Amino acid sequence: MTRKKKTRSLADKVQIRTGKRKDYKKWRHDNPDQVVSSRRFTQKKLKQRKLQAARKLARQQREATVIDIHPSSPEEGNKS
């Protein structure tokens, strides 16, 4: 006897008469409150977004250029 392969797919957990993809899509559309991402997926995405935000902030701070809007002495601004 063969064992059923383990899967993380939500489609296998849902009991639908025909099991066709179109029926599953229709079921998901009709029952949005029953379709929930797994905690593992949610945590993974949250971690990815935090990491992406941290990298973006570091990149912005690293590549930022300093602009002297108010020069320290008035003569410096008139030298052009």
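Just so it is clear, the structure is predicted and the values come from calculations on it, not from any experiment.

What counts, and at which threshold
Residues numbered from 1 in each chain as written. Predicted model: local features only at pLDDT ≥ 70, side-chain atom pairs only at ≥ 80, totals over all residues. Heavy atoms only, no water. Helix = DSSP H or I, 4+ residues; strand = E, 2+ residues; numbered from the N terminus. Buried < 20%, exposed > 50% of the residue type's maximum accessible area, 1.4 Å probe, protein only. Areas by Shrake-Rupley, 256 points an atom, 1.4 Å probe, with all protein chains shown as cover. Phe/Tyr/Trp six-rings, centres within 6.5 Å; stacked < 30°, edge-to-face > 60°. Salt bridge = Lys/Arg side-chain N within 4 Å of Asp/Glu carboxyl O. pLDDT = per-residue confidence, 0-100.

A.B. asks: Account for the overall build of the protein chain, with residues named and values stated.
C.D. replies: A count of helical and extended segments in the protein chain gives three helices and zero strands. Secondary structure elements of the protein chain occur, N-terminal to C-terminal, as α-α-α. Considering the protein chain as a whole, with its 80 residues, one finds that 4% of them fall into the buried category. Carbon and sulfur atoms provide 51% of the accessible area of the protein chain, an area that totals close to 8800 Å².

A.B. asks: Requested: an account of the packing of aromatic side chains, with residues and values cited.
C.D. replies: Applying the stated criterion across every chain, the model contains one aromatic pair. Taking 6.2 Å as the distance between ring centres and 15° as the angle between the ring planes, the aromatic pair formed by Tyr24 and Trp27 counts as stacked. Pair noted here: Tyr24 and Trp27 are both in helix H1 (residues 21–30), with a separation of three residues, about one helical turn. Residue classification places Tyr24 among the buried residues on the basis of a relative accessible area of 13%.

A.B. asks: Hey, could you go over the pattern of salt bridges for me, with residue numbers and the actual values?
C.D. replies: The full count for this structure, using the stated rule, is one salt bridge. In this structure, the salt-bridge partner of Asp30 is Lys26, at a minimum N-O distance of 3.1 Å. One end of the pair, Asp30, and the other, Lys26, are both in helix H1, four residues apart, so they sit about a helical turn from each other.

A.B. asks: Talk me through the confidence of the model for the protein chain; I want residue IDs and the actual numbers.
C.D. replies: A low pLDDT score tells you not to read the predicted coordinates there in detail. Summing up the model confidence of the protein chain, the mean pLDDT is 79 and the portion of residues at 70 or higher is 70%. Helix H3 (residues 74–77) is the least confidently modelled element of the protein chain, averaging 57 in pLDDT, while helix H2 (residues 39–63) averages 94, the highest of any element.

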